[in-house]
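Structural overview for review
Single-letter residue listing:
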Amino acid sequence: MTLKEKIGQVSQTVGGYKCFERNGEDFTFTDSLKDFIKEYGSIGAVSNILRADGFTNHNYSNGVEARHRVKIANAFQKYIIDNTRLKIPAFIEVEANHGLQALDSVMFPTNIGMGCTFNPQLYNKVMESVGKEIKLSGNHIGFVTMFDMARDPRWGRVEEFFSEDPYLTSRFSESGVKGIKKGGALACCKHYCATGDGMGGINTAEVNIGERELHDIHLPAVKTAVDAGADVVMAAYNTIDGIPCHVNSHLLRDVLRDELGFKGIVLSDGFGVGRVISQMGYDKVTGSADVLKAGIDLSLADGGWFLNLYDAINDGFVEERLLDEAVLRILIKKFEMGLFDNPYIADEDGFCRYLDSGEQLELAYISAAESMVLLKNNGVLPIKRGSKIALFGEHADNIYHLLGDYTAYQNESVHKTLKQVFEEYFDKFYFDNGWSFDGNYDFNEALKNAKNCDIAIVTVGGTSARAITKTIFDQNNGAAREINGFLDCGEACDVASLKLPGNQMELIRALKAIGKTVVAILIGGRPYELTELNDIADGIIVAWYPGIKGAEALRDVIIGKVNPSGKLSVSFPVSADVLPVYYNSFLPPPANAYDSNSYINARKRVLYPFGYGLSYSKFQYNDISVIETQKNNFEVTVTVENVSDIDGFETVQLYIHGKGNSVRRRYRELKGFEKVFLTAHSKKEVKFSLGYEELKVWSVNKCFELENGVVELFVGSNPDLPLKSTIKIS
């Protein structure tokens, strides 16, 4: 390959959404693509041909609809092959955080909701369907958030994370990678590394952590994803201890490749190369060389920055062998996927048939139903069909409020809103917005009508609905420069306060003042401050962004057709004033008013803890036995019983606390869980295994090892952990 052909493989200068124009049912390729191919004779990958949203300005009039997907993918590959010397097919990448960000795709719950299912096997099925969709669409690589930890709820991207806990996140990252690959696509996992620990919850902010925090909290999900066969790892925008991830050779080469054994492609984040060059004050030639030397193989949304490698190599700033290594990794993945043997999709209608099969819609419904967490129930739930219902909330009459960020424009005529599904079910039903995100809504008329209703159901929370909010993006670095309308979640939407926006609480106070029973439905992408709401509401359900079947699933939870089974994958703080509140810190919760483990003016910090979630059933934990099956390997057996008349799921959780080690251990660490279904008045034994992986310590020797000590075991449903035992490591 010539130097330029190699650079063509590593530089995604032409965005997928910029490489074509649609004219009716026909597509033509733009001069930007043609000129790049002519100049470099090669193109390694192109991102987001399918993406249709405010960022790309593509929609149903000018974007790629379901029936077009294979047609444009095949035409794209044919153009590359017909107009290049080496005829190397290109990867086509697509955003796939919770379903493809593409017209006609099924949107699943965002990851924070999936984490609350405590059901990685279900997520495996979801991601297998996503992988199948990618393959049937003639695309190849799905971008999915798998590594990030929800350590600060003020960050707008918390909705993309499974959990604040590394063990739970690891189980999901492993299942997600295996699922998407089983479906036939390559898995691109993001973001590497520690981006969820940004100072103050600010997007891309400085991360100040040590090697132990890195290995304890942020690398476990990376390791399980790599072991499961992750094909691509996307670098994060943030710095760690002052070093941007995009130029952190220790992180990208020593840790990711040498320590964790990753053999695939390291991808920059969108505009990441240009961003780090600007951030660090590099010149464009030596800066691009430094990024390549650090370990970035392929530049996403490059903006031409990696094209400077031509001068960097010719002027001796970087060895060409490093470019050769990067290109080889890309070519190997293309060989592994079979792109050289068959770059085309023969069945143009395969995706449409799959979409029509309803498999994804069924998975979307199940996922939404299992993701919902019942936080409070004073006996109001489930609601009987004959009840007179008043429904309030901006979320209720717009499907986009249920979908989260990284969502394409929707065909609204084929999906149901909360208002529609409630109206269909309840014979006596009244709807009014009741409140607005800007707080200017007059709800006096709503109160008058609510007096005639038995129960007021009020949606609260925020929105990531960019599709109905005008957002102006900076095309140089992909950041949102201006937002016209209300957004409080999603990328570049960080908040200082976690209070419920607009006049939501004002309406709820007014409803309680006239004696109404109130059920609150939290819709949003982060934990909010619900302290006052918890005091006055009769029932509270967290629905997160439940996806395209979220309205039906939420209705079925409320009426009791579905018994809620979600458990919180993140902790809810009393307020933003007491952050951080992730459960696996080194300090136990304050025991009394004089405890030094908290603030003197805010003793209680956590409102709802990690692992918490109610059910319409009642469960009881009875027995625990621990057997050492071989040296430092243990089998833990517990019995859980459904002591109610209602069938339901319970998530049995195992936590540990180590003592006597060379380093201080965290107060609690999740090391096992199992979601079991129990019919009324039945019981089951649940077994856990504890071995090296669960008991290892990042020691003073700066490596994982087993150390002599005592490990306390706690089993139950957090914070109620009635079963306790201890084991000794020797």
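Since the model is a prediction, treat every value here as computed from it, not as a measurement. (Residues numbered from 1 in each chain as written. Predicted model: local features only at pLDDT ≥ 70, side-chain atom pairs only at ≥ 80, totals over all residues. Heavy atoms only, no water.)

Some points on the side chain of R51
So the rule is basically this: Secondary structure counts use DSSP, requiring at least four H or I residues in a row for a helix and at least two E residues in a row for a strand, with both numbered from the N terminus. Classification of residues uses two cut-offs on accessible area relative to the type maximum, computed with a 1.4 Å probe and protein chains only: under 20% is buried, over 50% is exposed, and between them is partly exposed. Think of a polar contact as two N or O atoms within 3.5 Å of one another; within protein, one of them needs to be a possible hydrogen donor and the other a possible acceptor, and neighboring residues in sequence only count if both atoms come from side chains. Residue contacts are counted whenever heavy atoms from the two residues lie within 4.5 Å of one another.
Along the chain, R51 falls in the loop between β3 (45-47) and α3 (69-82). Note on R51: relative accessible area 12%, which makes it buried. Within polar-contact distance, the side chain of R51 engages the side chain of D53 at 2.9 Å. Residue contacts for R51: discarding those within four places in its chain leaves T56, H58, E95, Q101 and Y406.

Focus: the sheet that holds strand β12 (residues 389-392)
Selection rule: A pair of strands is labelled paired if DSSP reports no fewer than 2 bridges between them. Structural elements are reduced to axes, namely lines fitted to C-alpha atoms, with helices fitted over the stretch in contact, and the angle between N-to-C directions of any two is expressed from 0 to 180 degrees.
Spatially, β11-β18-β17-β14-β12-β13 is the arrangement adopted by the 6 strands of the open sheet, whose pairing is mixed. The sheet is open, and its two borders are formed by β11 (373-377) and β13 (429-432), each paired with just one other strand. Geometrically, the sheet is characterised by an average inter-axis angle of 15° between neighbouring strands, direction not taken into account. Judged from the 7 bridges that link them, strand β14 (residues 455-461) and strand β17 (residues 517-523) form a sheet pairing that is parallel. Note that in β17 the partner of A456 across the bridge is V518.

Considering the state of the cysteines
Under the convention used in this document: Cysteine sulfur atoms that come within 2.5 Å of each other are treated as a disulfide pair.
Going through the model one piece at a time under the given rule, you end up with 0 disulfides. Just so you know, C116 is unpaired, no disulfide at all, and the nearest cysteine sulfur is the one on C489, 14 Å from it. Left without a disulfide partner, C189 is nearest to the cysteine sulfur of C188, which lies 6.8 Å away. Note on C189: relative accessible area 0%, which makes it buried.

Some remarks on the layout of surface pockets
Once rolled over the atoms, a probe with the size of a water molecule shows which space is left empty. Quick reminder of the rule: With a 1 Å grid spanning the protein atoms alone, the term cavity applies to any set of points in which a 1.4 Å probe fits but cannot get out, the term pocket to an open set with protein on both sides within 12 Å along at least five of seven lines, and the term lining residue to any residue with an atom within 4 Å of a point. Grid points are joined across faces, edges and corners, and a volume is the space filled by probe spheres set on the points. The residue classification treats Ala, Val, Leu, Ile, Met, Phe, Trp, Tyr, Cys and Pro as nonpolar and Asp, Glu, Lys and Arg as charged. All others, Gly included, are polar.
By volume, the second largest pocket is sized at about 700 Å³. Sorting the residues of the lining of the second largest pocket by element identifies α6 (166-182), α7 (211-218), α8 (220-227), β24 (669-678), α21 (692-695) and β26 (697-698) as the ones contributing at least two each. The greatest single-element share of the lining of the second largest pocket, amounting to 5 residues, is contributed by α6. For the lining of the second largest pocket, the per-class residue count stands at 12 nonpolar, 4 polar and 16 charged.

Here's the deal with helix α11 (residues 284-294)
Most of α11 sits inside the fold, with 8 of its 11 residues counted as buried. All of the buried residues in α11 are V285, T286, G287, S288, A289, V291, L292 and A294. Contacts made by the buried residues of α11 are with α9 (249-259), α10 (272-280), α12 (309-314) and α13 (320-337). For α11, the side-chain oxygen to backbone nitrogen distance between the N-cap and V285 is 3.0 Å, and the N-cap itself is D283. The positive-phi residue at the C-terminal boundary of α11 is G295, with phi of around 135°.

Brief notes about the packing of helix α16 (residues 418-425) against helix α20 (residues 550-559)
To be explicit about the condition: Angles below 35 degrees are treated as roughly parallel, those above 145 as roughly antiparallel, those between 65 and 115 as roughly perpendicular, and all remaining angles as oblique. The hand of a helix crossing depends on one turn: near helix anticlockwise from the far one by less than a right angle means left-handed, and clockwise means right-handed.
The contact between α16 and α20 brings their axes to 8 Å, and the two run at 45°. Looking at the two axes, α16 sits oblique to α20. Viewed along their axes, α16 and α20 form a crossing whose handedness is right-handed. Contact residues: L418, V421, F422 and Y425 in α16; A551, E552, L554, R555, I558 and I559 in α20.

Examining the nonpolar core
For the record, the criterion: By nonpolar core we mean a set of buried residues, namely Ala, Val, Leu, Ile, Met, Phe, Trp, Tyr and Cys, connected to one another through side-chain atoms within 4.5 Å.
In terms of nonpolar packing, the biggest core is built from 206 residues, with F76, Y192, F392, I457, L530 and L533 touching the most fellow members. Those residues within four positions of L533 in sequence are excluded, and the remaining contacts are V460, L500, M505, I508, A520 and I540. Counting 21 residues, the second largest nonpolar core, distinct from the first, contains Y621, V638, V640 and V652.

Details of the pairing of strand β28 (residues 709-717)
Most of β28 sits out of view: 8 of its 9 residues are buried. Bridging between strand β23 (residues 648-659) and β28 involves 7 bridges; their strand directions are antiparallel. Bridge pairing in β28 places H657 opposite E712. Adjacent in sequence and paired antiparallel, β28 and strand β29 (residues 720-729) are bridged by 2 residues.

Details of unusual backbone geometry
Along the chain, K190 connects to H191 via a cis peptide bond; the corresponding omega equals 0°. By the element assignment, H191 lies in strand β6 (residues 186-192). A cis amide bond, omega 0°, links L579 with the succeeding residue P580. Phi at N57 is positive, roughly 60°, even though this residue is not glycine. Along the polypeptide, N57 turns up in the loop between β3 and α3. With a relative accessible area of 55%, N57 lands in the exposed category. Even without being a glycine, H681 presents a positive backbone phi close to 60°.

So, the pairing of strand β4 (residues 91-95)
We apply this condition: With its strands directed away from the observer, a crossover is right-handed exactly when the path from the first strand over the helix to the second travels clockwise.
Of all 5 residues making up β4, 5 are buried, and the element is well covered by its neighbours. Burial along β4 is two-sided: F91, E93 and E95 facing one way and I92 and V94 facing the other are all buried. Note: β3 against β4, 3 bridges, orientation parallel. Counted as the bridge partner of V46 is I92 from β4. Read as a crossover between parallel neighbours, the route from β3 over α3 to β4 is right-handed.

Concerning the sheet that holds strand β22 (residues 633-642)
The strand order across the open sheet built from 3 strands is β21-β22-β25, with neighbouring strands paired in antiparallel fashion. The open sheet has two edge strands with one neighbour each: β21 (619-630) and β25 (683-690). Recorded for the sheet is a direction-independent mean angle of 20° between the axes of neighbouring strands. Taken together, the 8 bridges between β22 and β25 define a ladder with antiparallel strand orientation.

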